[in-house]
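Working through the structure, step by step
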Amino acid sequence: MADQQKAEVQDDGFLSRDPGAIALLSLQGLCGVALVVGVKTVPAYYGLNLIAHPVAAIRCALALTLPTVVVAYTLLYIFSSRPRPVWRCIGSGLLSLPLGTVVIALLALAFGAPTSLQYASRTLHWAFLMSVLVVLPAAIVLGSSWPDWQRIFAFTRPRGGLERAICIPAHGALIGAWVGAFPMPLDWERPWQVAVTNRQGISDLSAVFAFSVFFHFFRF
Amino acid sequence: MMEGDARCRLVALFCYILCLHSLAIFFFTSGFLLTRTELPEFSTCSDIAKSPCFGETMDFSGTVSSEKVTGNCDDIVGDKAFCSQNGTIPEPTGGGGSEDKLSKECWTKPAIKRAVIIIIDALRFDFVAPSSSFPGESQPWMDKLQVLQQLSREENCSARIFKFVADPPTTTLQRLKGLTTGGLPTFVDIGHSFGAPAIVEDNLINQLVRAGKKVRMMGDDTWMKLFPSHFSVAHPFDSFNVKDLHTVDDGVIREIFPALLETDWNVLIGHFLGVDHVGHIFGVESPLMVEKLEQYNRVIEEIVAVLKNQSGPGGLHEDTMLLVLGDHGQTLNGDHGGGTSEEVETALFALSMRESPGRLPLDLQSSTCTISTEVKAGRSQCITTFPQLDFASTMAALLGVPFPFGSVGRVNTELYALAASTWPLPSEVGHLSEALVPVWLERFNHVLCMNSWQVKRYLDAYTASSIRGFPSAEFAHVQSLYDKAQTSPHFLHTDHPRLKRNDSGSDLSKFNEYSSETVTRLIDSIQSNLVYLLAAADLARTQWTQFEDEWMVIGLILLVTSMVIHGVALSRAMRLTQRILLSEDRDSEVQNRLHELFPLRRMLLACGGVAVTAGVIWGLQMTIRWLKSPLAAAISHGQTNIIITALILIASVVAYVMPIYGVGQVQSDQSVLGRGQTIGTSSQDQWTCVKSYMAVLSVGLHACGLLSNSYILSEGQVVCFLLATSGILYLRQAIQSGCKVPQAILFLILNAGMASVGLFEIFKDPATIASSSLIDDYVPASYSLQQFVTLACAALITTVLPLFSLARLILRRARTILRLQSLYWATAVTIPLAYSLLVIHWFTMDLVSSMVVEIPQSVKEFSRLLCPQLVYLVSLMLLIFTIISMTLNARGNVSTSYRDHLVEGIVSMLAGISGTIILLLGRKGPTIVLLAVLEVWCLLDLQGVEDLNQRKKEADKGLDHQDEHLNGRSLGSYFGAAVDWNLVAVQLFFCTGHRCTFDGLHYTAAFVGFDEFYFYRQGALLAADTFGSSHILPVIGLPLLVTAAAVAQSNPSFSDGSFFSLEVAKVYLCYGLVRTILTAVTTVCVTLQRRHLMVWGLFAPKYVFDALGLLVIDGFIVIAAIFYFSLFSRKARLKMQ
């Protein structure tokens, strides 16, 4: 890869090599494909769907997405040659998952997810998938540096291609989930409601996917 | 001077908006909400003497002697056997039954002794009618009620299927009301009942009971709500649980078969709910529906078998009629409520146990017969349309009771003919079967005559007493039809004296005298009566079921224009603020600007001009009658004063919006604006931008949601979602600025807490739990004690703790906020007093209901009635004291700033009201109020974050930020804050357990502390419970947003009174704008969806709540503005001295 060696001098003086557009795009695309296949294709193969069997479908998605995301972002991190050993990256990423799950599940509750225990498993599964998409990449690349996290999630000011590759999909997933949650109260009894949301099958997850992909292609 | 003028103009502006809104809502409501006045009159037996149907010789009063009645009877129908009905055993000749007759007979002669009415809820027409009569494929749910089809095919003269057409709203309660009263229940029936749906109008069941007939009921408990004390025996089953498919049906089946064999009833009503529930949950296409229908098929088969067994001569069911009917249809999804053909078309099956001997003449059949189909058997079958409106009259005629007073239906020809007893007995006619028809026609004509008279009497009475009578032109037309029907030759017994005394001659000679000419005249008379009745029903239907689109459009236009007024007023206020801040001399220019805030003179001129012009045109039109242009006709036809009012309003709006500037003013205006603009853009933060976009988006999403009925149902969650979004933005902002992060997180948590506060089981009223479990079955004392302990703990956690912390919070803050000593002490005394009274009240109620400890009667009464009354009194006193001391005592604290003064007033007022509000909200009250107070505190605290952030950023950039803050707060940030405020208010409405439906009103709250019912007092309490926490408190507290901003910006201009009142006005305008937008969108949605299924179930109540809420808010904005502005002006005057 020719672009791999291209270095960028950031305004804080930190020298980092960007992995390059092609690598970013291809690995991002891989994550996206893994998500789609995991959410739609594989469950469909086993006769499941997201509405009827949310937990099983999300498990399918996780089985594909989690390794893909870990591998993709670790590779990206390696390409950008940051000064941390790879095992620490993966370790911090995996450690961040439970924490991220809890935080995102709490957020979901704040947004009105049902509080009864009956739905707890679904909420947790969803939160785990979201944290794979949102928290895991950031944890792998950024480690535990609070200013970096703050810069990306509070100020939305990523520096360089790699940070963009964290920031944009994460925001895409969050906004996608937000957008996908809004039509939930619809009862699908009128034609326009079905048209608006492209059949009942759309839920927050497919919206997550749509937005992630959209942002990828928009940016790179 | 200037300041006082500005305040007057602002108050005038709010008044103007209130006026505009109330007129808009008045116009829309009178076009949309169909109202009908319930008349309290009842039909009685003796009434009929006043009708012309008996001729001038008749004196049919209740005190008439038995001989006279007998003679009367003979005169009219000439048939003794028919006359003497309804004894225990029918007598072939009217021998000794005169006493019996006197007590039982009324307007018509009973044709059937007993009726079995099986109601199948949500019975679609295609469940019953043969599938061959529908185009297309036969669906799985068709032809499942085989027994009905078979009977109607095989026994053509005694069984029939009718297409039974309901009138919207097609909900069970309204339909049962319509079926029994023969009227058209509308959305708002103005009556004398408060909350209870019991029918106060005259109705079939009431007439049956008055006539001494026994009515048995089993099934849907809606009947019990409508007729709480009418049934001799009732087996109601809960209809509330839609998911329960079988309980009601099984109960009915269990009860109905023994009842069929008993003798102590005349009308038996069995109401099955299964089809409705299956439809609601699984839809029509589900296999469960087929199962249900097959079950009904079996049940009806068995019922028919039982009835037929007993239907021999002298048998129990000799003169019984079986009716199987639906109250309304349903769509394929199982919805109903609207007016689509699927919902209104249901079926009526009638089976007479005795075959009627004759056939109707074709003239009468063809007039109503619409669908004619070839059935497999090869015999043509006719399915007649039968409006549900006619059910009450027809059943009253058949059962021989007076027609309900308010019925506008007509006796159905074919159902009446189906009952064998309406025909002369074959033994009398002998072999002359052709004479059957004339006799029947004469009887039917007589019945119709009474029917017409009864309908006319009702229409006259309604026109005389209702709020909105019938349109005069149409009413006159209908009256002329009645006169025509009456003048047509229907007094056959006076025209043809030979028919009069027919009982003396032989039957043969009598019937020979019916010439074909007489038959034609009879049919003519019947037809003209039918025409009249049809026209009367149509008149009633247009009055009670059709919207008046023009009125709705006028209302909508006014609402939208009021939004424009809000916007223009806001932008003018913004410009005025800039001018005050920028121009050193505050003289003439500012004065001009001030006028622009509410240009009273200009608007009065415009209104006066339009009014005079309209008056002149109208006067011309009135005086010069020959001016017959179409326009004049339209004006004279329509409601002139309404058109003129609307024109005047629109003229005032135009006058308000159109600015009239001099040239010099425009230039200076632009220059100032230019300066303002530069300042505005330089200080325009990215955050403010994002926040205002988010605010617009959030209002937009909220408004879009109102289009869908499911969103309206879950509006509480939608609001929580939007509020959480806003909370996330605050959190982001807080993290950026590095401060107030805990507040933002707390805001999110409180938001979730508010949303779920209604879900917890623990918040259910302990009293109801205790009473229900203790009264239902015997509970051992030890268990009861244990239960009591847990209840006490629950009560402690849910009520006392929040109440205590709330009081602590208030008192602690009061020490710093309330600088006026008297006010502080008043609050410090009254709040603990009110709260402890609350605790005493609740605890004693719990103790009483749990019956663990014996409580003396006096203590019980004290805590039940006196405590709440004391709380109301204390609240009111604190409120009045606050207002008086704030307005009078401003002298005492000239030193305090406007801000502190404002906060002082708001806090003590809110504290005063809190006691009443908590009491009315019930035991959830303390928790909710505590959460809400904390949430609002977070929200207010977070308002300052953006300014802090901005200042920090400017400090980073090394900018001199002295200039920027002159701008006051930008419109965007006020709008954003107002949107959040509104979301909190709406959330409060929902989390306090309110819903936008009328059965969601907390009627019990109206009786906290009072036993007797007084309309105004209880109405005020109910209004305070419904709107208090979600509409009134937010309006009173809204200026806190200004004070929060004033804290954040240590702005010198905030020490200026007129500036401060302008800011307060801006906040109120923003809040009013948000509410107006939402109400306008609701109104538009209601207009668009006025043919929707759920229009009466969801959209209309939502509209009513929103519209009322808007008016409440507008009214309180005016009151609050007057109060706050008077505070400022008094203070300003003091400072000047």
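Residues numbered from 1 in each chain as written. Chains lettered and ligands numbered in written order. Predicted model: local features only at pLDDT ≥ 70, side-chain atom pairs only at ≥ 80, totals over all residues. Heavy atoms only, no water.

**So, the overall build of chain A**
Scanning chain A from terminus to terminus reveals eight helices and two strands. Ordered by position in the sequence, the α and β elements of chain A form the string β-β-α-α-α-α-α-α-α-α. Excluding contacts between residues fewer than 6 apart, the proportion of contacts in chain A whose partners are at least 24 apart in sequence is 67%. In the structure as shown, chain A presents an accessible area of about 10,900 Å², 69% of it carried by carbon and sulfur atoms. (Helix = DSSP H or I, 4+ residues; strand = E, 2+ residues; numbered from the N terminus. Contact = heavy atoms within 4.5 Å. Areas by Shrake-Rupley, 256 points an atom, 1.4 Å probe, with all protein chains shown as cover.)

**Thoughts on the overall build of chain B**
Along chain B, the regular secondary structure elements total 44 helices and 11 strands. Residues counted as buried form 59% of the 1137 residues belonging to chain B. Taking the contacts inside chain B whose residues are at least 6 apart along the sequence as the reference set, 80% of them involve residues at least 24 apart. Put simply, chain B shows about 44,600 Å² of open surface, and 63% of that area lies on carbon and sulfur atoms. (Buried < 20%, exposed > 50% of the residue type's maximum accessible area, 1.4 Å probe, protein only.)

**Some words on the interface of chain B and chain A**
Listed per partner, the contact involves 26 residues of chain B and 24 residues of chain A. Around 2,100 Å² of area is buried between chain B and chain A when both sides are counted, 64% of it from carbon and sulfur atoms. The largest per-residue losses of area from chain B upon contact with chain A belong to Tyr711(B), Phe721(B) and Arg732(B), which jointly make up 28% of the total buried on that side. Seen at the junction of chain B and chain A, the total is zero salt bridges. Applying the counting rule to chain B against chain A returns five residue pairs in polar contact (both at pLDDT 80 or more). Secondary structure elements with two or more residues in the side of chain B that touches chain A: helix 30 (686-705), helix 31 (709-713), helix 32 (715-737) and helix 33 (741-756) of chain B. Looking at which element gives the most residues to the side of chain B that touches chain A, the answer is helix 32 of chain B, with 10 residues. When its residues are assigned to classes, the side of chain B that touches chain A shows 14 nonpolar, 10 polar and two charged. (Buried area = accessible area lost by both parts, 1.4 Å probe. Salt bridge = Lys/Arg side-chain N within 4 Å of Asp/Glu carboxyl O. Polar contact = N/O pair within 3.5 Å; in protein donor to acceptor, adjacent residues only side chain to side chain. Nonpolar A, V, L, I, M, F, W, Y, C, P; charged D, E, K, R; others polar.)

**So, a nonpolar patch on the surface**
All names here are of chain B. Residues Ile840, Phe862, Leu866, Leu870, Leu873 and Met877 make up a contiguous nonpolar surface patch of roughly 510 Å² in combined accessible area. Ranked by residue count, the leading element in the nonpolar patch is helix 37 (residues 857-888), at five residues. Residue position: Leu870 is located in helix 37. (Patch = residues over 30% accessible without salt bridge, like charges linked within 9 Å, V, L, I, M, F, W, Y side chains within 5 Å.)

**Considerations on the layout of surface pockets**
All names here are of chain B. As a volume, the second largest pocket reaches approximately 1,300 Å³. Forming the walls of the second largest pocket are 41 residues, and the residues nearest its centre are Val933, Val936, Trp937, Leu940 and Leu1040. Looking at the lining of the second largest pocket, the elements with two or more residues in it are helix 35 (781-817), helix 38 (898-921), helix 39 (925-957), helix 40 (971-991), helix 41 (1015-1037) and helix 42 (1040-1048). If one sorts the elements of the lining of the second largest pocket by residue count, helix 39 sits on top with 10 residues. (1 Å grid on protein atoms, 1.4 Å probe; cavity = no way out; pocket = protein on both sides within 12 Å on 5 of 7 lines; lining within 4 Å. Points joined across faces, edges and corners; volume = space filled by probe spheres on them.)

**Topic: the side chain of Thr830(B)**
Among the secondary structure elements, Thr830(B) is positioned in helix 36 (residues 821-850). When sequence neighbours within four positions are dropped, the list of residues in contact with Thr830(B) reads Val874(B) and Leu878(B).

**With respect to the UniProt feature "transmembrane region" (unreviewed entry) in chain A**
Residues and elements named next belong to chain A. As recorded in UniProt, the sites labelled "transmembrane region" (unreviewed entry) are residues 21-39, 51-79, 86-111, 123-142, 162-181 and 201-218. Annotation note: span residues 21-39, helix share 100%, strand share 0%, distance between end C-alpha atoms 27 Å. Secondary structure content for residues 162-181 is 100% helix and 0% strand, and the end C-alpha separation is 29 Å. (UniProt positions renumbered as here; feature names shortened; annotations may be inferred.)

**Here we look at the pattern of salt bridges**
Taken as a whole and assessed by the stated rule, the structure comprises 19 salt bridges over all chains. In this structure, the salt-bridge partner of Arg216(B) is Asp264(B), at a minimum N-O distance of 3.3 Å. Here the residue Arg216(B) occupies a position in strand 5 (residues 215-220), and Asp264(B) occupies one in the loop between helix 10 (247-260) and strand 7 (267-272), the gap between them amounting to 48 residues. Classification of Arg216(B) by relative accessible area gives buried; the value is 7%. A salt bridge links Lys292(B) to Asp249(B); its shortest N-O distance comes to 2.8 Å. Taken together, the residues Lys292(B) in helix 12 (residues 287-309) and Asp249(B) in helix 10 connect sequence positions 43 residues apart. Taken as a pair, Lys292(B) and Asp249(B) share a single burial class, namely buried. Residues participating in the shared-partner salt-bridge network are Asp148(A), Arg151(A) and Glu163(A).

**A short note on the confidence of the model for chain A**
Residue and element names in this part refer to chain A. Residues with a pLDDT of 70 or more make up 72% of chain A, whose mean pLDDT is 72. Segment residues 193-207 is flagged for pLDDT under 50; beyond a separation of four residues in sequence, or across chains, it makes 30 contacts in the model. Overall, residues 213-220 carries pLDDT values under 50, and its contacts beyond four positions in sequence, including any with other chains, amount to 12 contacts. (pLDDT = per-residue confidence, 0-100.)

**Notes on the packing of aromatic side chains**
Applying the stated criterion across every chain, the model contains 32 aromatic pairs over all chains. For the ring pair Tyr45(A) and Tyr46(A), a centre distance of 5.3 Å and an interplane angle of 85° mean the geometry is edge-to-face. When its relative accessible area of 69% is taken as the criterion, Tyr45(A) is described as exposed. Residue class for Tyr46(A) comes out exposed when judged on its relative accessible area of 58%. Here the aromatic residues Phe162(B), Phe164(B), Phe386(B) and Phe391(B) are joined through ring pairs into a cluster of three or more. Positioned above the aromatic ring of Trp265(B) is the side chain of Arg114(B), whose terminal nitrogen or guanidinium carbon lies 3.9 Å from the ring centre. Here the guanidinium or amino end of Arg572(B) rests over the ring plane of Tyr656(B), the centre of that ring lying 4.9 Å away. (Phe/Tyr/Trp six-rings, centres within 6.5 Å; stacked < 30°, edge-to-face > 60°. Lys NZ or Arg CZ within 6 Å of the ring centre and 35° of its normal.)

**Examining the pairing of strand 2 (residues 114-120) of chain B**
Residues and elements named next belong to chain B. With respect to burial, strand 2 is a largely interior element, seven of its seven residues being buried. Because side chains alternate across strand 2, one face comprises the buried residues Arg114, Val116, Ile118 and Ile120, and the other comprises Ala115, Ile117 and Ile119, equally buried. Pairing geometry for strand 2 and strand 8 (residues 320-326), over seven bridges, is parallel. Counterpart to Arg114 in the pairing with strand 8 is Thr320. When strand 2 meets strand 7, the two strands line up parallel, connected through six bridges. Following the sheet pairing, Ile119 is matched in strand 7 by His271. (Pairing = 2+ DSSP bridges.)

**With respect to the nonpolar core**
All names here are of chain B. In terms of nonpolar packing, the biggest core is built from 180 residues, with Phe32, Tyr835, Tyr1068 and Tyr1124 touching the most fellow members. Counting residues per element, this core draws most heavily on helix 44 (residues 1095-1136), at 21 residues. Beyond its immediate stretch of four places on either side in the chain, Tyr1124 contacts Leu902, Ile906, Met909, Ile1036, Pro1039 and Tyr1068. Counting residues in hydrophobic clusters, the runner-up holds 87 residues, among them Ile199, Val267, Leu348 and Ala396. (Core = buried A, V, L, I, M, F, W, Y, C linked by side-chain atoms within 4.5 Å.)

**Quick notes on unusual backbone geometry**
Leave glycine aside and you will find that most residues have negative phi; peptide bonds, for their part, are mostly trans. Residues and elements named next belong to chain B. One non-glycine residue, Ala122, lies in positive phi territory at about 55°. Within the element layout of this structure, Ala122 appears in the loop between strand 2 and helix 5 (125-128). The exposure class of Ala122 is buried, given its relative accessible area of 0%. The phi angle at Asp143 is positive, at roughly 60°, despite the residue not being glycine. Relative to the assigned elements, Asp143 resides in the loop between helix 5 and helix 6 (146-154).

**Considerations on the environment of Gln479(B)**
Residues and elements named next belong to chain B. With respect to the element layout, Gln479 can be found in helix 19 (residues 472-487). It is 8.3 Å that separates the C-alpha atoms of Gln479 and Tyr532, two residues lying 53 residues apart in sequence. Look past the residues within four positions of Gln479 in its chain and what remains in contact with it is Lys456, Asp460 and Tyr532. Here Asp460 takes part through its side chain, which lies 3.1 Å from a polar atom of the side chain of Gln479.

**Some details on the packing of helix 2 (residues 54-80) of chain A against helix 4 (residues 120-142) of chain A**
Residues and elements named next belong to chain A. In the contact formed by helix 2 and helix 4, the axes pass within 9 Å of each other and the chain directions differ by 5°. Relative to helix 4, the element helix 2 lies roughly parallel. Taken together, the residues that form the contact of helix 2 with helix 4 break down as 19 nonpolar, four polar and two charged. (Axes fitted to C-alpha atoms, helices over the stretch in contact; angles between N-to-C directions. Parallel < 35°, antiparallel > 145°, perpendicular 65-115°, else oblique.)

**Remarks on the packing of helix 5 (residues 146-153) of chain A against helix 6 (residues 160-181) of chain A**
All names here are of chain A. Close contact between helix 5 and helix 6 brings their axes to 10 Å; oriented N to C, the two are set at 55°. The pairing of helix 5 with helix 6 is recorded here as oblique in orientation. The two elements helix 5 and helix 6 meet at a crossing, and its hand is right-handed. Taken together, the residues of helix 6 that come into contact with helix 5 (itself represented by Arg151, Ile152 and Phe153) are Glu163, Cys167, Ala170 and His171. Residues that form the contact of helix 5 with helix 6 fall into these classes: four nonpolar, one polar and two charged. (Left-handed = near helix turned anticlockwise from the far one by under 90°.)

**Notes on helix 7 (residues 172-181) of chain B**
Within helix 7 of chain B, nine of the 10 residues are buried, which leaves it mostly tucked inside the rest of the structure. Downstream of helix 7 of chain B by a residue or two, Gly182(B) has a phi angle that is positive, lying close to 70°.

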